[in-house]
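Notes for the structure review
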Amino acid sequence: MSDKRRKQRQLFECALEITWKDSHAVSRTIAVQAIDLSDSGIRVESSERIDLHTEVFVRAERYGLTGTTAVRHCGRRGSKYVLGLEFHADTTAPADTGEAEVFVDYYELLQISPNAEPETIHRVFRIMASRYHPDNKETGDNEKFLLLTKAYAVLSDPARRASYENLHRNQRAQPLPVFGLKEFADGLEGEVNRRLGILSLLYNRRRTNPENPGISLLEFETVMSFPREHLEFAIWFLREKQYIRTGNNSDYYIAAAGVEYLEAEVPTKGILSKLLHAAQTPTSGESAQETHAATEDPGHALALVRMR
């Protein structure tokens, strides 16, 4: 939230949008009116009361005001409420709730490359925010809108983005729990499922990061929790079938034939729903119903991959 003082007068002429989760963990978005702005926070007039210490995302793109705040004051003024919102020093740091916050892959959420330029981030966010805005009666999704707003607040700020990318790199190096299932153990079933696992990871990488869609053997080892000796047969088979190919840097890439094969297998392979769902870094915005549906219905899992 840079140049806050310079924008103070302009803010009186615009309505801000704020998004938060209420006491029932339901995501809410309303328009509020700015009252005043300082280096440490902003006061707004709201039609609704918000509990103290609640995390609130403020959005006024036109004036470059997008970021995370916390409610430090809430008082009644006639039929309205005056909220004192304090800016977070670092919106990438999780709140101290006593529980580990689930990592959210903002690049996956926005369906952009980690190398995306600021202009791309802004353009994609505007399109997706319009789609999921709660005022959109056809596709509105307040929970998704809340996540998109938080993602944009972090990725549009150079300092916050740099801090977040350290977390992003560390997260991508973590093993995916799905590969610990018995279906990936020794035997014929394990071999077949490891092939599907490799294709699922490459499928998602190609879809979300077309500028850098390759995965190295070392990354496969880390993410799948298998030594390369257990993966070499699967990789040999996939290369022979021309489902994957090798780039100049020795990374592996999914080929068009591999995409078609993987999508054709969805209706018949129950494990594939878990793979395609796990190949996306899970986000805190996924509902329990969505997770259950992806596990029970393989076709729904692929639909999620295509939608996101």
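Residues numbered from 1 in each chain as written. Predicted model: local features only at pLDDT ≥ 70, side-chain atom pairs only at ≥ 80, totals over all residues. Heavy atoms only, no water.

Notes on the overall build of the protein
Looking only at helices and strands, the protein has twelve helices and eight strands in total. Within the span of the protein, comprising 308 residues, buried residues form 48% of the whole. A fraction of 60% describes how many contacts in the protein between residues 6 or more apart in sequence connect residues 24 or more apart. For the protein, the accessible area works out to roughly 15700 Å², and carbon and sulfur atoms hold 48% of it. (Helix = DSSP H or I, 4+ residues; strand = E, 2+ residues; numbered from the N terminus. Buried < 20%, exposed > 50% of the residue type's maximum accessible area, 1.4 Å probe, protein only. Contact = heavy atoms within 4.5 Å. Areas by Shrake-Rupley, 256 points an atom, 1.4 Å probe, with all protein chains shown as cover.)

Quick word on the pattern of salt bridges
By the definition in use, this model includes nine salt bridges. Measuring nitrogen to oxygen at the nearest pair gives 2.5 Å for the salt bridge that ties Arg 205 to Glu 219. Note that Arg 205 is positioned in helix H6 (residues 188–208) and Glu 219 in helix H7 (residues 217–224), a separation of 14 residues in sequence. Note that Arg 228 is salt-bridged to Glu 221, the shortest N-O span being 3.1 Å. Classification of Arg 228 by relative accessible area gives partly exposed; the value is 32%. Its relative accessible area of 19% is what places Glu 221 among the buried residues. (Salt bridge = Lys/Arg side-chain N within 4 Å of Asp/Glu carboxyl O.)

Some words on the packing of H6 against H7
Where H6 meets H7, the axes come as close as 12 Å, and the angle between the chain directions of the two elements is 110°. Between H6 and H7, the crossing angle belongs to the class labelled roughly perpendicular. The element H6 and its partner H7 pack so that their crossing is right-handed. In this structure, H6 contributes Arg 194, Gly 197, Ile 198, Leu 201, Leu 202 and Arg 205 to the contact, and H7 contributes Glu 219, Phe 220, Val 223 and Met 224. Tallied by class, the residues present in the contact of H6 with H7 amount to six nonpolar, one polar and three charged. (Axes fitted to C-alpha atoms, helices over the stretch in contact; angles between N-to-C directions. Parallel < 35°, antiparallel > 145°, perpendicular 65-115°, else oblique. Left-handed = near helix turned anticlockwise from the far one by under 90°. Nonpolar A, V, L, I, M, F, W, Y, C, P; charged D, E, K, R; others polar.)

Considerations on unusual backbone geometry
A positive phi angle, close to 70°, is found at His 53, a residue other than glycine. Residue His 53 is classed as exposed on the basis of its relative accessible area, which comes to 59%. Here the phi dihedral of Gln 242 falls at roughly 60°; this positive angle occurs in a residue that is not glycine. Along the chain, the position of Gln 242 falls in the loop between helix H8 (228–240) and strand S7 (244–246).

Quick word on the pairing of strand S3 (residues 41–46)
Sheet topology places strand S2 (residues 27–37) next to S3; four bridges connect them, and they run antiparallel. Bridging from a neighbouring strand, Gln 33 pairs with Glu 45 of S3. The antiparallel hairpin formed by S2 and S3 contains three residues in its connecting segment. In this sheet, strand S6 (residues 80–87) lies alongside S3 in antiparallel orientation, the contact comprising six bridges. By the bridge assignment, Val 44 is partnered in S6 with Leu 83. (Pairing = 2+ DSSP bridges.)

Brief notes about the packing of aromatic side chains
The description of an aromatic ring pair uses the distance of the two centres, along with the angle that the planes make with each other. Under the counting rule described, the total for this entry stands at seven aromatic pairs. With a centroid separation of 6.1 Å and an interplanar angle of 50°, the aromatic rings of Tyr 107 and Tyr 164 are classed as tilted. Of the two residues, Tyr 107 is situated in helix H2 (residues 106–110) and Tyr 164 in helix H5 (residues 158–172); the sequence distance between them amounts to 57 residues. For Tyr 107, a relative accessible area of 2% puts it in the buried group. Here Tyr 164 falls in the buried class, since its relative accessible area comes to 3%. (Phe/Tyr/Trp six-rings, centres within 6.5 Å; stacked < 30°, edge-to-face > 60°.)

Focus on helix H4 (residues 142–155)
Given 3.6 residues per helical turn, the α-helix brings residues three or four places apart onto the same face. Under the 1.5 Å per step criterion, the end-to-end length of H4 is 20 Å for 14 residues, consistent within 8% with the ideal 20 Å. Taken across its 14 residues, H4 has 13 buried, putting it largely inside the fold. Where H4 begins, one side-chain oxygen reaches toward the backbone nitrogen of Glu 143, 3.1 Å away; that side chain belongs to Asp 141. (Expected span 1.5 Å × (residues − 1). Polar contact = N/O pair within 3.5 Å; in protein donor to acceptor, adjacent residues only side chain to side chain.)

Such coordinate-based values are descriptive only and should not be taken to indicate function.
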